[in-house]
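One-letter residues, chain by chain:
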Amino acid sequence: MAWQEIGFIALEAAIKSILLAFVLLTAFAYMTFAERKVAALMQVRSGPNRVGPWGLLQPAADGVKALFKEEIVPAGADRFLFIAAPILVAVPALIIMAVIPLGPDTVLFGRPMRLAITDINVGTLYVLSVASVAVYGIVLAGWSSANKFSMMGGIRSTAQMVSYELALGLSFVGPIMLAGSLSLRDIVVAQQQSIWYVVLQPLGALLFFVAALAEVNRAPFDMPEAEQELTAGYFTEYSGMKFSLFFMGEYIKMIAVSALTATLFFGGYLGPMVEEYPLLGIVYLGGKTLAFLFVMIWIRLTLPRMRYDQLMAFGWKRMLPLALANVVITAVVLVLAQ
């Protein structure tokens, strides 16, 4: 019986993983379409409208084009690292969603079911560690390409990571202290029992979202790929599917950090009637995630890119002191409230 139960658990995890990967890959394709459409609307133009009805098949056309493009490896490149780098960027983006709860526990097909691939008691640490791995892919892409623009992009990414990663990690601490747990599911449940943490941690929520923009190299923090300065930065020498993998990693991480923002500060899957109908949690979390994705696109189309020294100063002299102050104030308030 024990082996049969283990088999069921393994099968359940495999099915959840395949479904989540399929949803994320589909979402990546249509995020590229949505960004181009939103940009077109804000700039009073049409955007993609030729392939399929309303241009909805444009992502499929782009995928086919990337699949058949010639794969070029520069003569001076380190071939193994050049090929491994885009994989190191894309894979962490896919697996970061494994610990994000999509809804409350429910019963499906006569079995208790958790609406997440897994729930580990150090989920926040898992997210931070996995997110940091993608930076290695960017650095290796820049170094292995034997191109000065790519190398500069990789160096910029390293310095950028050091400057915002501390503030990003400290912005996790507020919800962790309020919930008394490192588990993302426990953080959502704690918000159900009190109030959304954006009310109690407005500064922490703002710092997290700003640092998340830098995490995914989105404007105004897209210095590692600054087209006007570095051609395309760390992926200048990439083409075909390797080029697409970098964009896959960026867009799927956008989805992941948007879902994380909703989970940590905006109640995650919580919403009306979610206890009676647990699958509604997926709808609520999806809606909140879409809202933050729209804000990311809006920011890219509104704000100019920061100068590199301004980013360093912003990370060390503004975000880090504010993040430390937020942690200290939260700790003091919690002690006084006991």
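Residues numbered from 1 in each chain as written. Predicted model: local features only at pLDDT ≥ 70, side-chain atom pairs only at ≥ 80, totals over all residues. Heavy atoms only, no water.

Caption draft 1: Spotlight on the pattern of salt bridges. This model, assessed by the stated rule, comprises 13 salt bridges. For Asp 309, the salt bridge identified is with Arg 307, shortest N-O distance 2.8 Å. A single salt-bridge network, built from bridges that share partners, covers Glu 35, Arg 218, Glu 250 and Arg 300. (Salt bridge = Lys/Arg side-chain N within 4 Å of Asp/Glu carboxyl O.)

Caption draft 2: A look at the packing of helix 5 (residues 148–179) against helix 6 (residues 184–193). In the contact formed by helix 5 and helix 6, the axes pass within 9 Å of each other and the chain directions differ by 65 degrees. In terms of axis orientation, helix 5 runs roughly perpendicular to helix 6. For helix 5 against helix 6, the interelement crossing comes out left-handed. Taken together, the residues of helix 6 that come into contact with helix 5 (itself represented by Pro 175, Ile 176 and Ala 179) are Asp 186, Ile 187 and Ala 190. Its residues assigned to classes, the contact of helix 5 with helix 6 comprises 5 nonpolar, no polar and 1 charged. (Axes fitted to C-alpha atoms, helices over the stretch in contact; angles between N-to-C directions. Helix = DSSP H or I, 4+ residues; strand = E, 2+ residues; numbered from the N terminus. Parallel < 35°, antiparallel > 145°, perpendicular 65-115°, else oblique. Left-handed = near helix turned anticlockwise from the far one by under 90°. Contact = heavy atoms within 4.5 Å. Nonpolar A, V, L, I, M, F, W, Y, C, P; charged D, E, K, R; others polar.)

Caption draft 3: Here's a closer look at unusual backbone geometry. Even without glycine at this site, Trp 54 takes up a positive phi of about 60 degrees. Mapping Trp 54 onto the fold places it in the loop between helix 1 (2–42) and helix 2 (58–68). Its identity as a non-glycine residue notwithstanding, Met 273 has a phi of 65 degrees, on the positive side. Within the secondary structure layout, Met 273 lies in the loop between helix 10 (240–265) and helix 11 (280–302).

Caption draft 4: Just the nonpolar core, in detail. Membership of the largest hydrophobic core comes to 66 residues, with the highest contact counts inside it found for Met 97, Phe 172 and Leu 184. A per-element tally of this core places helix 10 first, with 12 residues. Beyond its immediate chain neighbours, meaning those up to four positions away, Phe 172 contacts Thr 124, Val 127, Leu 128, Phe 208 and Leu 264. Within the second largest apolar cluster, 11 residues are counted, among which are Ala 77, Phe 82, Ala 141 and Tyr 234. (Core = buried A, V, L, I, M, F, W, Y, C linked by side-chain atoms within 4.5 Å. Buried < 20%, exposed > 50% of the residue type's maximum accessible area, 1.4 Å probe, protein only.)

Caption draft 5: Spotlight on the packing of aromatic side chains. This model, assessed by the stated rule, comprises 13 aromatic pairs. Ring geometry for Phe 243 versus Phe 247: centroids 5.0 Å apart, planes at 50 degrees, classification tilted. Remark: Phe 247 and Phe 243 occur in helix 10; sequence separation between them is 4 residues, near one turn of the helix. By relative accessible area, Phe 243 is classed as partly exposed at 30%. (Phe/Tyr/Trp six-rings, centres within 6.5 Å; stacked < 30°, edge-to-face > 60°.)

Caption draft 6: Molecular detail of helix 6. If you check which residues of helix 6 are buried, you get Leu 184, Arg 185, Ile 187, Val 188, Ala 190 and Gln 191. Contacts from the buried residues of helix 6 go to helix 4 (123–144), helix 5, helix 7 (197–200) and helix 10. The N-terminus of helix 6 is capped by Ser 183, whose side-chain oxygen sits 3.3 Å from the backbone nitrogen of Arg 185. (Polar contact = N/O pair within 3.5 Å; in protein donor to acceptor, adjacent residues only side chain to side chain.)

Caption draft 7: Up close: the confidence of the model for the protein chain. Residues of the protein chain with pLDDT of at least 70 account for 99%, and the chain-wide mean is 87. Averaged pLDDT values for the elements of the protein chain fall to 70 in helix 9 (residues 227–230) and rise to 94 in helix 7. (pLDDT = per-residue confidence, 0-100.)

Caption draft 8: Examining the packing of helix 3 (residues 79–95) against helix 10 more closely. Two elements in contact, helix 3 and helix 10, have axes separated by 8 Å at closest approach and are oriented at 25 degrees. By the angle class used here, helix 3 and helix 10 are roughly parallel. Crossing handedness for the pair helix 3 and helix 10: left-handed. Across the interface between the two elements, Phe 82, Ile 83, Ala 85, Pro 86, Ile 87, Val 89, Ala 90, Ala 93 and Leu 94 from helix 3 touch Lys 242, Leu 245, Phe 246, Met 248, Gly 249, Ile 252 and Lys 253 from helix 10. Across the contact of helix 3 with helix 10, the residue classes break down as 13 nonpolar, 1 polar and 2 charged.

Caption draft 9: Focus on the side chain of Ser 150. Structurally, Ser 150 is set in helix 5. Its relative accessible area of 0% is what places Ser 150 among the buried residues. With residues up to four places along the chain from it excluded, the contact list for Ser 150 reads Ala 141, Gly 142, Ser 145, Gly 233, Tyr 234, Thr 236 and Glu 237.

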